Amino acid sequence: MLSHTARATAIGAVACGLKPVGAAEPSRPRTLEGVWDMHGHLSGTCLSGTPRERIATLLEYADRMGIERLVVFMGYPWAYDPTPDELRRQNDQVLEAIEHSHGRAHGFVYLNPNQTDASLAELDRCVAHGPMVGVKLWVALRCHEKQLDPIVERAVELKAPVLQHTFRKLTGNLPGESTACDLAKLAARHPQASFIAAHTDGQWERGIRALRAVKNVAAEICGSDPTAGFVEMAVRELGPERVLYGSDFAGRSFASQLAKVYGAEISDQAKRLILSGNIRRMLQPILAAKGMKP
Ligand SMILES: [Zn+2]
């Protein structure tokens, strides 16, 4: 039997078109319809040109890996504490990308809780009256603060999940950077809302524990090295319905992040939920309300 690391390496080799020596077939569920990668961006060293060109490149890479749909948020260059103009510019880039994705990319609107009025206006422009289907919050303000409340309340009205970056850096967080504990406090105040903890704190052992009691938060596994045990612990402590696959493309490869799931010692049914079933279920109400294919 291969170790976790060996299996992850084998999967990476397959992704590169190489035949791994002495490796068993990675455990890819046979009846998988197509993966939904629920976390990624239009920036990264492999991308250039217009948003339309960037999404075309991303979809070409996604095709190689059996990824059916992408969830995209934030434009470029990145801004930690974006002004209203920067929010609109970045959301316009995402709108252009999803318009030219042939229905394969969904957008989450990038908001800044330090800019409440502008954020509510962007939420209406891009989600209520536009094609976007969720909210992305990054590092402008720690998410337990009360300035988040009107954004979350409007997102609930629109059936839009709220994805919040969560991290706990050894070198210290940015002043406005949230931890999973911060998100647990916000989620407890808004039991009707549907939250996604992007990165599950980076230090996932602590992040998973912080989220355990707040049932309206899903743990998303993107953007860290493919460490053995992450997905297994998330499934064990939260249940497979509360774990989501995302890669953080184009800053992270699809292959390394898929390996976390394909290489995990969990059932094929759990893998199917993590790779597409859970995000499809979370987005079903808003996609249905918009007449979009779930
Ligand atoms: Zn990201």
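Relevant structure appears above.
Bear in mind the structure is a predicted one, so any value in this text is a computation, not a measurement.

A. Spatial organisation of unusual backbone geometry. The omega angle of the peptide bond from Tyr-76 to Pro-77 is -10 degrees, so this bond is cis rather than trans. Mapped onto the secondary structure, Pro-77 falls in the loop between β2 (67-72) and α3 (84-99). Here the phi dihedral of His-102 falls at roughly 55 degrees; this positive angle occurs in a residue that is not glycine. For His-102, a relative accessible area of 75% gives the class exposed. Although it is not a glycine, Asp-201 adopts a positive phi angle of roughly 80 degrees. With respect to the helices and strands, the residue Asp-201 is situated in strand β6 (residues 195-201). What makes Asp-201 buried here is its relative accessible area of 0%.

B. Region of interest: the packing of α3 against helix α4 (residues 116-128). At a closest axis distance of 10 Å, the pairing of α3 and α4 adopts a crossing angle of 20 degrees. Classed by the angle they form, the pair α3 and α4 counts as roughly parallel. Handedness of the crossing formed by α3 with α4: right-handed. Where α3 approaches α4, its residues Pro-84, Leu-87, Arg-88, Asn-91, Asp-92 and Leu-95 are matched on the opposing element by Ala-118, Ser-119, Glu-122, Arg-125 and Cys-126. When its residues are assigned to classes, the contact of α3 with α4 shows five nonpolar, two polar and four charged.

Cut-offs applied
- Residues numbered from 1 in each chain as written.
- Predicted model: local features only at pLDDT ≥ 70, side-chain atom pairs only at ≥ 80, totals over all residues.
- Heavy atoms only, no water.
- Helix = DSSP H or I, 4+ residues; strand = E, 2+ residues; numbered from the N terminus.
- Buried < 20%, exposed > 50% of the residue type's maximum accessible area, 1.4 Å probe, protein only.
- Axes fitted to C-alpha atoms, helices over the stretch in contact; angles between N-to-C directions.
- Parallel < 35°, antiparallel > 145°, perpendicular 65-115°, else oblique.
- Left-handed = near helix turned anticlockwise from the far one by under 90°.
- Contact = heavy atoms within 4.5 Å.
- Nonpolar A, V, L, I, M, F, W, Y, C, P; charged D, E, K, R; others polar.

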